[in-house]
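# Chain and residue survey
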Amino acid sequence: MAQTWKYQDRGGEQFFFLHIPKTAGTTFRKLLETHFPQEHIYPNRFQLWMNDNKYYKQKHLIENRVDILNTTLISGHYNIHLLPHLKKEVRAIAFVREPRARVISHIKHILLKDPVFKNADPNLVVEKRVEILAKQQVRMMGYNIRKENNLDQALANLDKIEVIGLTEKFEQSIDMINKKFGWQLDYKMEKANQSITPDFELSAESEARLAENIKEEQMLYDACLKKFEKQKQF
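Residues numbered from 1 in each chain as written. Predicted model: local features only at pLDDT ≥ 70, side-chain atom pairs only at ≥ 80, totals over all residues. Heavy atoms only, no water.

## Points about the sheet that holds strand S4 (residues 91–96)
Note the following rule: Two strands are counted as paired when DSSP detects at least two bridges linking them. Helix and strand definitions here come from DSSP, where helices need a minimum of 4 consecutive H or I residues and strands a minimum of 2 consecutive E residues; each element is numbered from the N-terminal end. The criterion used for residue contact is that any of the two residues' heavy atoms lie within 4.5 Å. Helix axes are fitted only over the stretch in contact, all axes being lines through C-alpha atoms; the angle between N-to-C directions runs from 0 to 180 degrees.
Within the open sheet, the five strands sit side by side as S2-S3-S1-S4-S5. Their pairing is parallel. Only two strands of the sheet have a single neighbouring strand rather than two, namely strand S2 (41–42) and strand S5 (163–166). Where strand S1 (residues 15–18) and S4 come together, four bridges link them in parallel fashion. Directly across from Leu18, in S4, lies its bridge partner Ala94. Sheet strands touched by helix H11 (residues 215–231): S4 and S5. Its angle to S5, the strand with the most contacts, is close to 110°.

Okay, structure coming up:
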């Protein structure tokens, strides 16, 4: 049986996995945990146990936990604004997903986990949450709907991410990450967080609302597709 590759510290380097919800991020995070020693990870199992199985909030990390901000590998639902508080040479990774598919996956998650919407009509989730769900990826990259021309800044922030992976091309993305960082991540494993919520069809009205709200997200995704193609030249 082949020995599992383990990360070896190479002199104070740091990595940040910007985990956008419903982009196969949990699968990637668990993959990293297989190959990185627990003492090199935030959050590791002990830290999660000590914090009731929850990540520390980004604001709390910045204001109170400099020790954590020096960890070799930081992963979580932290946005691009965490980068200035990490090491200057930090190397960032993110996965993105085709916008409509990501929103549908997120709706399934809400129907399964959120007590407010548990087993509800998915069209109700669109009615109540579409403005948030349809801009999840672009907001994680720094988009603020209240600021004029802020989308340009979010698109520019993609340059701060060293490797952009695509959910739809997960294995190819892992190959790129391995080549870029000199790792040997073994991605031949089961997908995490597989949805057990049945497929559904949205009403025409919900589809129209989703299409209208997803425009910025689509522009970000299109930019990520171009970046992904350039990464093939690594």
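Picking up after the structure, the text goes on.
## Structural notes on the packing of helix H1 (residues 25–35) against helix H9 (residues 170–181)
To keep it simple, the criterion reads: Reported orientations rely on four angle classes, namely roughly parallel under 35 degrees, roughly antiparallel over 145, roughly perpendicular from 65 to 115, and oblique for the rest. In this scheme the crossing of two helices becomes right-handed for a clockwise turn of the near helix relative to the far one and left-handed for an anticlockwise turn of less than a right angle. Three classes are used, and their members are as follows: Ala, Val, Leu, Ile, Met, Phe, Trp, Tyr, Cys and Pro are nonpolar, Asp, Glu, Lys and Arg are charged, and the others, Gly among them, are polar.
In the contact formed by H1 and H9, the axes pass within 12 Å of each other and the chain directions differ by 40°. The pairing of H1 with H9 is recorded here as oblique in orientation. In terms of crossing hand, the pair formed by H1 and H9 is right-handed. Contacts between H1 and H9 involve Thr27, Phe28 and Leu31 on the former and, on the latter, Phe170, Ile174 and Ile177. Along the lines of polarity and charge, the residues of the contact of H1 with H9 split into five nonpolar, one polar and no charged.

## Here we look at the side chain of His106
With respect to the helices and strands, the residue His106 is situated in helix H5 (residues 99–113). Discounting chain neighbours no more than four positions away, the residues touching His106 are Pro21, Lys22, Leu133 and Gln136.

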